Amino acid sequence: MFQLKILGPSKYFLGLEIAKSSKGISLSQRKYTLSLLEDTSFLACKPSNLPMDPNLKLNLHDGDLLLDPSVYKRLIGKLIYLTISRPDITLVVNRLSQYMKEHRVRHLNVVHHLLQYLKSTLGQGLFSLLITLSNSLSLLMLIGPAMLIPKGPLLACVLLGNNLLSWSSKKQPTISKSSTEVEYRALSSVTSKVVWLRRLLLHFNI
């Protein structure tokens, strides 16, 4: 037999700051982000409005190799954990994590730019509305290619009325020949998810 102690409503857990209200639950990692900026000496850096230059193209070969690869790996690991409450940086972190084997100075510069963006968006996080039966329970899915490139990631979020069910950022497995084909592939992928969700909701008599 184990004794349990109730510590009250959760407010801080493993870097996650939790705030509850009558409307919903807010999740953020402000303290974790401040600690990350302080450890990297970016606490007093110039803020940036974008997490990454949309016209920047990265690869494995351009630029000089980093003298200390552990710095890059450690930063990417911390940024991956930050994506729990920051879907706005998921795309950039996903791209940067693809260069863990061959990390160059250009890749580290993009990480530094992302840290500047975090400095300007410290208070951002996730807010989940409490599910209420009075809301319209129509199924809505918002989709769009994050970038109109042949193998760009597909962004999607699913809502049931005003309630966010899930969100995702997934790299497309096939190469498209045009931006139109990218959009059609996105519609095809999401349509299959909508059909599955409709059947699931019908199973619950919704």
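Read on for a plain summary of the structure.

Calculation notes
Residues numbered from 1 in each chain as written. Predicted model: local features only at pLDDT ≥ 70, side-chain atom pairs only at ≥ 80, totals over all residues. Heavy atoms only, no water. Helix = DSSP H or I, 4+ residues; strand = E, 2+ residues; numbered from the N terminus. Buried < 20%, exposed > 50% of the residue type's maximum accessible area, 1.4 Å probe, protein only. Areas by Shrake-Rupley, 256 points an atom, 1.4 Å probe, with all protein chains shown as cover. Expected span 1.5 Å × (residues − 1). Arc of directions from axis to C-beta. Contact = heavy atoms within 4.5 Å. Axes fitted to C-alpha atoms, helices over the stretch in contact; angles between N-to-C directions. Parallel < 35°, antiparallel > 145°, perpendicular 65-115°, else oblique. Left-handed = near helix turned anticlockwise from the far one by under 90°. Nonpolar A, V, L, I, M, F, W, Y, C, P; charged D, E, K, R; others polar.

## A short note on the overall build of the chain
Within the chain, the secondary structure is distributed over five helices and seven strands. In the chain, the order of α-helices and β-strands from amino to carboxyl end is β-β-β-α-α-α-α-β-β-β-β-α. Expressed as a percentage of the 206 residues in the chain, the buried residues total 32%. Here the chain displays about 13600 Å² of accessible surface, and carbon together with sulfur accounts for 60% of that area.

## Structural notes on helix α2 (residues 69-82)
Counted at 1.5 Å a residue, the expected span for α2 with its 14 residues is 20 Å, and the 20 Å between its end C-alpha atoms agrees. If you check which residues of α2 are buried, you get Tyr-72, Leu-75, Ile-76, Leu-79 and Leu-82. Looking straight down α2, one finds its buried side chains confined to an arc of 110°; they lie on one side. At its buried positions, α2 is contacted by α1 (30-39), α3 (90-96) and α4 (105-120).

## A look at the packing of α2 against α4
Two numbers describe how α2 lies on α4: the axes approach to 11 Å, and their chain directions differ by 40°. Looking at the two axes, α2 sits oblique to α4. The chirality of how α2 crosses α4 is left-handed. When α2 is examined against α4, the residues Tyr-72, Leu-75, Ile-76, Leu-79 and Leu-82 are found in contact with a partner set consisting of His-107, Leu-108, Val-111, Leu-114 and Leu-118. Taken together, the residues of the contact of α2 with α4 break down into nine nonpolar, one polar and no charged.

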